[in-house]
Amino acid sequence: MTHISKWLLHNSDLSLAPMILELWHYLSQCVKEHFASQNLQFNNFFNEAIECTAKIVMKTTMSHYKEGFDSIRSLVDVGGGTSGALAEIVKSYPHIKVINFDLPHVVATTPMCEGVIHVGGDMFDPIPNANVVFMKWILHDWNDEACVKILKSYRKEILDKNGKLVFIVIFVQEDDNNIFGDMGLVFDLLMFAHTTGGKERTE
Ligand SMILES: C[S@@+](CC[C@H](N)C(=O)[O-])C[C@H]1O[C@@H](n2cnc3c(N)ncnc32)[C@H](O)[C@@H]1O
């Protein structure tokens, strides 16, 4: 077993197996819109895939954005999935009132998580009230036009409340020569497989 293949083990605490292995079996069906809302098994695979990466990414985010979280009173995670990111946030910052906001079929199958309020809805409609709008790995799901729409409407809402927008995004570097260099390409292919119009960006 190589250092990198350890990420594919199902039984380790930090694993990428749900993201890298299972989802590809559904590539052809994913071309159909709304597949996840109609197929419970795929919905579960997709949510597990996101959750396994959330744990890994939030570990780093929490250590680098410590002061940022300290000053937050309420936060809505837009497209928060099964609240993997929020679970990590409330563990370290129980004073923050957190809301997980995602599509109704996702929220319906999301297990309860202490301290997290789940709200079902559409991110292109008005979102639940909070001082901070948090979005992790959302903008890469959408084309430029949709991203501008999201950014404009949330910016206005947040400015009115003197709050802030916190985004966690992936930036692909064209001359990436490190061991994770190909991950940009892998993520771009994932966006192709699982979204209609999403892509990884360089800026
Ligand atoms: C790539 S996942 C990111 C999940 C989570 N933010 C994370 O990184 O752990 C995108 C999420 O956006 C949700 N989503 C897609 N379209 C949406 C919409 N119109 N309104 C609300 N949520 C939506 C999906 O259900 C999914 O949970």
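Worth saying up front: this structure is predicted, and the values here are computed from it rather than measured.

### As for the pattern of salt bridges
One pass over the structure, following the stated rule, counts four salt bridges. Lys 91 is the salt-bridge partner of Glu 88, the closest N and O atoms lying 3.4 Å from each other. Residue Glu 88 and its partner Lys 91 are both found in helix α6 (residues 84-92); the two are separated by three residues, about one turn of the helix. The closest approach of N and O atoms between Asp 144 and Lys 199, which form a salt bridge, is 3.4 Å.

### Digging into the nonpolar core
Residues Met 58, Phe 69, Leu 75, Ile 89, Ile 96, Val 98 and Phe 134 are the most contacted members of the largest nonpolar core, which totals 26 residues. Sort the elements by how many residues they give to this core and helix α4 (residues 40-64) lands first, with five residues. Sequence-distant contacts of Phe 134, defined by excluding residues within four places in its chain, comprise Met 58, Phe 69, Leu 75, Val 76, Asp 77, Val 78, Ala 85, Ile 89, Val 166 and Ile 168.

### Observations concerning a nonpolar patch on the surface
A cluster of nonpolar side chains, contributed by Leu 185, Leu 189 and Phe 192, occupies part of the molecular surface with about 350 Å² of accessible area. Here Leu 185 shows up in helix α9 (residues 183-194). In this structure Leu 185 comes out as exposed when scored by relative accessible area, which is 55%.

### Considering the sheet that holds strand β4 (residues 132-136)
What holds strands together in a sheet is hydrogen bonding between their backbones, with the strands either parallel or antiparallel. If you walk across this open sheet you meet the five strands as β3-β2-β1-β4-β5, and the pairing is parallel. For this open sheet the edge positions go to β3 (116-120) and β5 (164-168), each flanked by a neighbour on one side alone. Looking at each pair of strands side by side, their axes are set apart by 20° on average, direction ignored. Note: strand β1 (residues 74-78) against strand β2 (residues 97-102), five bridges, orientation parallel. Looking at the pairing, Leu 75 lines up with Val 98 of β2. Sitting on the sheet, α4 touches β4 and β5, and the angle it makes with β4 is about 125°.

### Here's the deal with the site of the ligand
The ligand sits among 16 residues. The nearest are Gly 79, Asp 102, Asp 122, Met 123 and Lys 136. Here an oxygen atom of the ligand and a side-chain polar atom of Asp 102 are 2.7 Å apart. Within the backbone of Met 123, a nitrogen or oxygen atom sits 2.8 Å from a nitrogen atom of the ligand. Contact with the protein chains covers 92% of the free accessible surface of the ligand, which is 600 Å².

### Quick notes on the environment of Leu 86
One can find Leu 86 in helix α6. When the C-alpha positions of Leu 86 and Lys 55 are compared, they lie 9.9 Å apart, and in sequence the two are 31 residues distant. Not counting residues within four places of it along the chain, the set of residues in contact with Leu 86 comprises Leu 75, Asp 77, Val 98, Ile 99, Asn 100 and Val 116.

About the cut-offs
- Residues numbered from 1 in each chain as written.
- Predicted model: local features only at pLDDT ≥ 70, side-chain atom pairs only at ≥ 80, totals over all residues.
- Heavy atoms only, no water.
- Salt bridge = Lys/Arg side-chain N within 4 Å of Asp/Glu carboxyl O.
- Helix = DSSP H or I, 4+ residues; strand = E, 2+ residues; numbered from the N terminus.
- Core = buried A, V, L, I, M, F, W, Y, C linked by side-chain atoms within 4.5 Å.
- Buried < 20%, exposed > 50% of the residue type's maximum accessible area, 1.4 Å probe, protein only.
- Contact = heavy atoms within 4.5 Å.
- Patch = residues over 30% accessible without salt bridge, like charges linked within 9 Å, V, L, I, M, F, W, Y side chains within 5 Å.
- Areas by Shrake-Rupley, 256 points an atom, 1.4 Å probe, with all protein chains shown as cover.
- Pairing = 2+ DSSP bridges.
- Axes fitted to C-alpha atoms, helices over the stretch in contact; angles between N-to-C directions.
- Near = heavy atom within 4 Å.
- Polar contact = N/O pair within 3.5 Å; in protein donor to acceptor, adjacent residues only side chain to side chain.

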